[in-house]
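Coordinate analysis (summary)
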Amino acid sequence: MTISQEELDAQALGTLRRYFGYEDFRPGQGALIHTILEGRDVLGVMPTGSGKSLCYQIPSLLLHGLTIVISPLISLMKDQVDGANEIGIPAAFINGSQSIDEQEDVFAAANAGRVRLLYVAPERLETQRFVNFATHADIALVAVDEAHCVSQWGQDFRSSYLGIGDFIDALPDRPTLAAFTATATERVRRDIIQMLRLRDPEVVVTGFDRTNLYFDILKLGTRDKANWIARYVAGHADESGIIYCSTRKQTEELADTINALVPQLRPAAGVDAPHPSSPIAVAYHAGLPPAQRERAQRDFVTDAVPLVVATNAFGMGIDKSNVRYVIHHNMPESIEAYYQEAGRAGRDGEPSRCTLLWNESDIVTRRRLLDNGGANERLTEDEQEQVRRWKRHLLDAMVGYCRTTACLHRYMTRYFGEDGDAASGAHCVGGCVNCDSTFSTTDVSRIARTISRCVHDLGQTYGSGKIVAVLRGSQAKDVLERGLDHAPTFGALADVPQSTVRDVLNQMVSDGFLTITEGRLPIVMFGARAAETIDPAFHYEMKSITRPKPASSPRPSRPAVEPTTFGGGHGGTDEALFEHLRGLRRDIAREIGKPPYIVFSDRSLRDMASRRPHTDDEFLEVSGVGASKLGKYGERFMQAIADFED
Ligand code: ADP
Ligand code: MG
Ligand code: ZN
């Protein structure tokens with residue numbers, strides 16, 4: 001029973017290579033696995049796509065006894081079990097969709113040691129059947145995935161997670177407890193430790209920078225967004241993507257627009273769509289009938305449909321690793337929400353793109369929702385105000401992201417509390433639009449001050465159209481009829497382009513200098529910060545950006561420089577061969593009735609296309625190929641490569 005630390009680590013690394021086909025651990029994985037194997041509790045805080053699953057999957061193969069994984073969603077569970085089985089880990093799940101006989105079969109297999117990794121939904125822990133099983137089973141490790149679901153301060157709170165602590169306490173022998181989350185907030189972290197009753201856990205927090213993601217932000221008028229998106233989608237027809245909208249209605253409208261526009265925009269030749277007749281985009285939101293929702297998710301996950309247009313209800317159940325782009329049609333409410341949703345791109349480590357479309361009216365809408373947000377009856381007036389203040393603070397950080405001219409990767413890592421100075425030496429590995437653009441900031445203090453004065457002149461009783469007209473000295477009939485040409489600020493900004501006056505006014509609204517009332521005839525009034533504009537020291541800026549030219553290469557989501565660590569010296573990835581291998585992957589996926597990425601990730605296929613293996617040993621060199629996948633698919637893929645080369 002006395003195994004040295006070196007031996008533990010060697011076993012873990014051997015398992016990583018043999019089963020998973022990866023050469024080395026990623027940051028955090030080694031330490032977490034080591035600590036678990038020593039029998040100590042852990043909390044792993046690592047971003048989406050960083051490889052948390054492996055941190056309990058490897059121990060499940062090395063520990064004497066069963067590993068139970070508590071995972072919030074049934075759909076997620078099935079994919080995880082499929083994925084584990086594909087690489088040779090005996091895994092199964094227990095959930096409410098199974099008959100009692102099926103559940104008993106799984107329990108028997110676990111008791112006989114034929115299942116080492118057992119996924120359960122948290123609701124199961126409260127059933128007598130499961131408690132009976134668990135009390136008599138030899139459980140070495142309980143892993144809690146998406147552990148932030150236990151916290152009411154997180155976005156995904158699930159009351160069933162609160163029962164986990166009691167479940168563990170009721171077991172005759174306390175197993176090791178391992179919790180994993182991508183949520184970086186200190187508050188949520190504290191909740192996890194407390195509510196799950198972790199014992200003196202080793203807390204491992206890894207860097208939050210996702211170096212394979214390219215971050216783009218683009219200020220676009222509301223009407224231009226759909227067209228921009230359709231053009232983007234048409235240019236990336238063979239890639240999988242997610243578009244997030246803020247309302248259910250928007251998801252359906254945008255999906256319709258895309259399905260109507262994209263076929264016209266797409267070049268007629270050269271695109272080998274897997275199902276020419278099927279739609280390009282499907283809508284997904286919580287208001288759809290369950291069957292339709294499941295269908296949408298299934299089609300997306302199996303690559304039958306490349307694109308899903310969704311509300312934020314979509315995502316946590318999605319483990320799809322080859323999402324190449326995420327576009328936000330509107331600005332989300334916080335950086336946390338944005339990073340989680342955008343982070344669903346590129347889980348396989350391949351270069352992927354996250355684009356945020358925004359404009360000033362998005363900001364105004366968000367602020368309005370916050371101020372008039374539905375009252376929570378359980379909270380006192382005071383507490384509600386506190387919550388509102390906290391949410392305003394989160395929103396400000398999100399607005400800051402839209403406005404900043406600094407590196408977007410650094411903005412994120414700073415936000416998540418990584419030392420700004422330590423990170424300042426690091427350059428922008430994944431790339432971002434701000435690092436690729438040139439900026440100029442314009443001093444618009446005079447314009448802002450004058451707008452403010454005009455609002456005062458007009459007695460806070462007119463809409464923005466009139467204010468701009470007055471400032472520009474318009475001779476329009478209704479301006480003259482109302483005598484607005486006698487206002488002291490009439491014509492005061494005649495020298496400034498109308499669009500600039502508009503932009504500054506809008507920016508003043510979203511910054512709180514002005515507000516716009518709701519209703520059929522919105523009126524511009526003073527906001528909380530209005531007084532600042534009469535301060536002689538008042539200074540106000542607006543940034544303008546010269547964006548990089550859209551890349552003319554066929555896959556703009558892949559930056560010119562590969563930020564990956566493998567494949568060097570192999571003459572680069574062969575695009576045509578990659579497509580060829582994708583076809584084979586699709587065939588196999590259909591044969592076994594599993595999503596394509598369960599067969600191989602995009603990353604593995606790219607590595608394969610660049611290495612062109614012809615022998616078993618060469619095939620094992622491919623990232624993500626272990627003994628099990630070599631046995632199952634090696635021959636067919638090597639044959640496909642040989643055929644391609646003929
Ligand atoms: P998370 O749960 O943290 O979001 P996953 O566990 O789903 O991430 O892993 C994301 C992807 O990274 C998977 O495709 C996984 O196989 C891959 N991965 C995990 N660890 C490694 C590693 N050490 N080397 C290469 N790829 C890895
Ligand atoms: Mg995970
Ligand atoms: Zn950058």
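Anything mentioned here points back to the structure above.
For the structure given in this document, a descriptive report is provided here. These numbers were taken from a predicted model, which means no experiment stands behind them.

Turning next to the overall build of the protein. In terms of helices and strands, the protein carries 26 helices and 17 strands. Against the 2.2 N^0.38 benchmark of 26 Å for 646 residues, the protein shows a C-alpha radius of gyration of 28 Å, consistent with a compact globule. Relative to its full complement of 646 residues, the protein shows a buried share of 51%. Pairs at least 24 apart in sequence give 75% of the contacts found in the protein among residues at least 6 apart. Surface exposure of the protein reaches about 29300 Å², of which carbon and sulfur atoms provide 50%. Charge-centre separation for the protein: the mean point of 71 positive side chains lies 5 Å from the mean point of 86 negative side chains.

A few words now on the sheet that holds strand E7 (residues 202-205). Here 7 strands make up an open sheet; going across it, the order is E3-E4-E2-E5-E6-E1-E7 and the pairing parallel. Every interior strand has two partners, whereas the edge strands, strand E3 (91-94) and E7, have only one. Averaged over all pairs of adjacent strands, the angle between their axes in this sheet comes to 20°, without regard to strand direction. When E3 meets strand E4 (residues 117-120), the two strands line up parallel, connected through 4 bridges. Each residue of the ladder has a partner; that of Ala92, found in E4, is Leu118. Strand contacts of helix H4 (residues 74-86): E3 and E4, with the helix running at about 165° to E3, the strand carrying the most contacts.

Attention shifts here to the coordination of the zinc ion (ligand 3). Around the zinc ion (ligand 3), the protein contributes the donor atoms Cys407 (SG), Cys428 (SG), Cys432 (SG) and Cys435 (SG), at 2.3 to 2.4 Å from the metal centre. Coordination at the zinc ion (ligand 3) is tetrahedral: its 4 donor atoms span angles of 100 to 119° at the metal. In terms of primary sequence, the donors binding the zinc ion (ligand 3) are separated according to C-x20-C-x3-C-x2-C. Residue Cys407 is located in the loop between helix H14 (381-403) and helix H15 (408-415), and its partner Cys428 is located in the loop between helix H16 (420-424) and helix H17 (433-436); the two are separated by 21 residues in the primary sequence. Here Cys407 matches Cys428 in class, with each residue buried.

Glancing now at the site of ligand 1. The local shell around ligand 1 holds 14 residues, among which Tyr22, Gly49, Lys52, Ser53 and Arg347 are the closest. Between an oxygen atom of ligand 1 and a main-chain N or O atom of Gly51, the distance comes to 3.1 Å. Taking Lys52, its side chain carries an N or O atom lying 2.8 Å from an oxygen atom of ligand 1. If ligand 1 stood free it would expose 570 Å²; the protein chains cover 84% of that surface.

Rules used throughout
- Residues numbered from 1 in each chain as written.
- Chains lettered and ligands numbered in written order.
- Predicted model: local features only at pLDDT ≥ 70, side-chain atom pairs only at ≥ 80, totals over all residues.
- Heavy atoms only, no water.
- Helix = DSSP H or I, 4+ residues; strand = E, 2+ residues; numbered from the N terminus.
- Rg over C-alpha atoms; globule rule 2.2 N^0.38 Å.
- Buried < 20%, exposed > 50% of the residue type's maximum accessible area, 1.4 Å probe, protein only.
- Contact = heavy atoms within 4.5 Å.
- Areas by Shrake-Rupley, 256 points an atom, 1.4 Å probe, with all protein chains shown as cover.
- Lys, Arg positive; Asp, Glu negative; His and termini not counted.
- Charge placed at Lys NZ, Arg CZ, Asp CG, Glu CD.
- Pairing = 2+ DSSP bridges.
- Axes fitted to C-alpha atoms, helices over the stretch in contact; angles between N-to-C directions.
- Donors = N, O, S within 2.8 Å, 3.2 Å for Na, K, Ca; no water.
- Tetrahedral: all angles 85-135°; square planar, octahedral: opposite > 155°, others 65-115°.
- Near = heavy atom within 4 Å.
- Polar contact = N/O pair within 3.5 Å; in protein donor to acceptor, adjacent residues only side chain to side chain.

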